[in-house]
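# Summary of the model geometry
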Amino acid sequence: MSSTSSGTATRDGFVAGVDIGGTFTDCVAVSGAGAVMTGKHPSTPGALADGFVGAMRAAADGAQIGHDDFFAAVRQLKHGSTVAINTIVSRTGARVGLLTTRGHGDAILIMRGAGRTAGLSPEEVLHVPSTDKPEPLVPRSRIAEIGERIDAAGEVVAPLRDEEVEAAVRRLLEQGVEAFAVCFLWSFANPSHEQQARAAIERVVPGAYVTLSSDLIPRIGEYERTAAAVMNAYVGPNTTGYIETVAARVNAVGVRDEIMFMQCSGGVFGAQEAAGAPIFTLQSGPVGGVVASRFLARRLGHDNVITADMGGTTFDVSVIRDGEPANRDTTVLQQYEIAVPTVDVQSIGAGGGSIAWIDPIRRTLRVGPQSAGAEPGPACYGRGGTQATVTDADVVQGFINPDRFLGGALALDPERSRAAIAALADQLGLTLEQTAAGITRIVDSRMADLIRKATIERGFDPRDFVLFGYGGAGPTHVGLFARELGVQGVVVPLGNTGAVWSALGVASADYLRIYDRVHYADAPFRPGPLATAYGELERGAVEDLLAAGIADDELTLQRSCFVRYKAQVHTVEVPVPGGAFTDAVAREVEQAFEMRYATLFGAGTGYREAGIEITDLRVTAIGGTLKPFLQEAQGAVTERDATAPESRPAYWLELEQTVETPVFQGAALQRGERVAGPAIVEFSDTTVPIRPGQSCTVDDLGNLVLTVPSGRSN
């Protein structure tokens, strides 16, 4: 690979991306001269900065560069953080106090009436006795209603009294409140009352962590805005502490540049912005993989791609359609619907660390969602874990070489894997290998089901897509779960780099800010007011990005708007051309909406007679950063069969037996070489079993392209 320099990157320095997962922390560094360095280090839940620096050191070691020299040469450091999501899942956030408009204190507790079932699977929804609302992030006793009012036009109806806010804050402090969220009605139309409330809070509690809904999400939707503000305040103190800790740690080892943080919308922003809006870092790691996949898909000419990221803890799926990732403007997290724009990533607890267990009632084998994580990890890690995991099953089947795991940096104990799986095999009455293969079959079927949910349930046919399989465990399992889907093809991106694919996406992500404004307009749209509104949004965006250090020639603005048939609840985001907003552009927006609506919901489902209206305007501001580009092999690439230098026994589910299996070192495979299954392709950080009846070829960019005939698993 090679790269072109841009902005802060120099040809003698590196742009680095670090992605912390539940099991491993990954680092990718791209030099201005074109070298790509990768490193993996076990995540360190008790001290995440240790794993962060450890992954960077591993990347330097792999490139045979001294640690001090490597750190000093980092010109741009970007990070996909899991602190916010871990804080929410573990319920270890701050005690939040909520200030809201009088009469609306129950909005976050009512949850639009959908809190019992939001985000649940159909099976969970149908089992009514087991459904319930989530534990409140802010109980009723910590919600203070304030006698203020602003109307829909932004006019003050009832003024805000400072003394009332200050008295409410003192009452909340008596309950141990550590952070504050403020969400008043119609504050996105006029934020003055929320700003006044923040000043009052800070007079009582200097330095308090305060989230204003008008700063965070200036869009209509009282519940979604309130939930986002509360959740942001809930994770804010933990995230701020982490940002300060990791910044101090990397500065101490010689990295001089400010860390930028990955957002769930697909770009990065500065550390100060991340501390103020940590809710935007949710799912940032998996989104990094989608960003990298879009980059590679464009290079390969694939418009439709399913991304499948299997790490140590979760399996994450997204869809790239017509060259762009699927997005959504609200996110369901822990059954709360929050108004946070994000790349649409769906996840389940299915990774290399997923624990296999036997259902005590049905006496059947189950896998996940519980995970052994990084500590203690799978049994084969030898760190105290005794339960069988997916990784242990891969070791028992012979797909993972215990002496070469992570390039030999972490030696595995196969006897511990056998002992853990034998405990299950004895209860099931199966052989050791049959039980290991059963674990693989179950987890792969769960992953295939999630892909079907992300495609077929949304009107997409998997046969129209290419599947990218990546993450530390993704290449090991892609051959099985892909064949249940009938996809056009399967790609393991850039060989070993696929094991740290999300970190590559983080490293290559652009600086990104989203600016929203509520703006109602009925069709036919009048160009004048829309042009004025877009102009104001764009001027503010340019000022912010220039202040953030983005050069003028690296700045791009993209317009869009949210449109719906009148009297409907759901809107559709429609791109808007830049430049002058004319009558022709207005008509183009109408037509684009109707085409997009028909694509999403089916031809003939629209009802134009009801009228069409714009509800919100959006400007996305993008600051370009260094991008790697892929160097093709020079000269003609001739397809030929590769010769295996070694072999080892491996159990194949399709053959129901153990056979001596050719083993290829992925780094030694040349462009155009073909490997026929059954076979194993080993890289330093991942392994690719080529299943019986399948084959793979190394393309001229270094990707492994698998031929996977369709057909359900045996």
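As the structure is a computational prediction, the values presented were derived from the model and not from experiment. (Residues numbered from 1 in each chain as written. Predicted model: local features only at pLDDT ≥ 70, side-chain atom pairs only at ≥ 80, totals over all residues. Heavy atoms only, no water.)

## What to know about the overall build of the protein
In terms of helices and strands, the protein carries 18 helices and 38 strands. Taken over C-alpha atoms, the radius of gyration comes to 26 Å for the protein, in line with the 27 Å a tight globule of 714 residues would show. Its C-alpha atoms give the protein principal-axis dimensions of about 80 × 60 × 55 Å. Out of the 714 residues belonging to the protein, those deemed buried represent 56%. When contacts within the protein are restricted to residue pairs at least 6 apart in sequence, long-range pairs at least 24 apart make up 68% of them. Element-wise, carbon and sulfur atoms account for 50% of the exposed surface of the protein, whose accessible area totals about 28,200 Å². (Helix = DSSP H or I, 4+ residues; strand = E, 2+ residues; numbered from the N terminus. Rg over C-alpha atoms; globule rule 2.2 N^0.38 Å. Buried < 20%, exposed > 50% of the residue type's maximum accessible area, 1.4 Å probe, protein only. Contact = heavy atoms within 4.5 Å. Areas by Shrake-Rupley, 256 points an atom, 1.4 Å probe, with all protein chains shown as cover.)

## Some remarks on the nonpolar core
Within the largest apolar cluster, 123 residues are counted, with the highest numbers of intra-cluster contacts made by F52, M56, F70 and L77. In contact with M56, other than residues within four places in its own chain, are V18, C27, F70, F71, V74, L77 and V255. Formed by 54 residues, the second largest nonpolar core is a distinct cluster that contains I306, V390, I421 and L704. (Core = buried A, V, L, I, M, F, W, Y, C linked by side-chain atoms within 4.5 Å.)

## Things to note about the pairing of strand β14 (residues 305–310)
Within β14, 6 of the 6 residues are buried, which leaves it mostly tucked inside the rest of the structure. Note that β14 and strand β15 (residues 315–321) share 6 bridges and pair antiparallel. Each residue of the ladder has a partner; that of D309, found in β15, is D316. The hairpin formed by β14 and β15 contains 4 residues between the paired strands. Bridge count between β14 and strand β24 (residues 466–470): 5 bridges; the pairing is parallel. Bridge assignment links D309 to a residue of β24, and that residue is Y470. (Pairing = 2+ DSSP bridges.)

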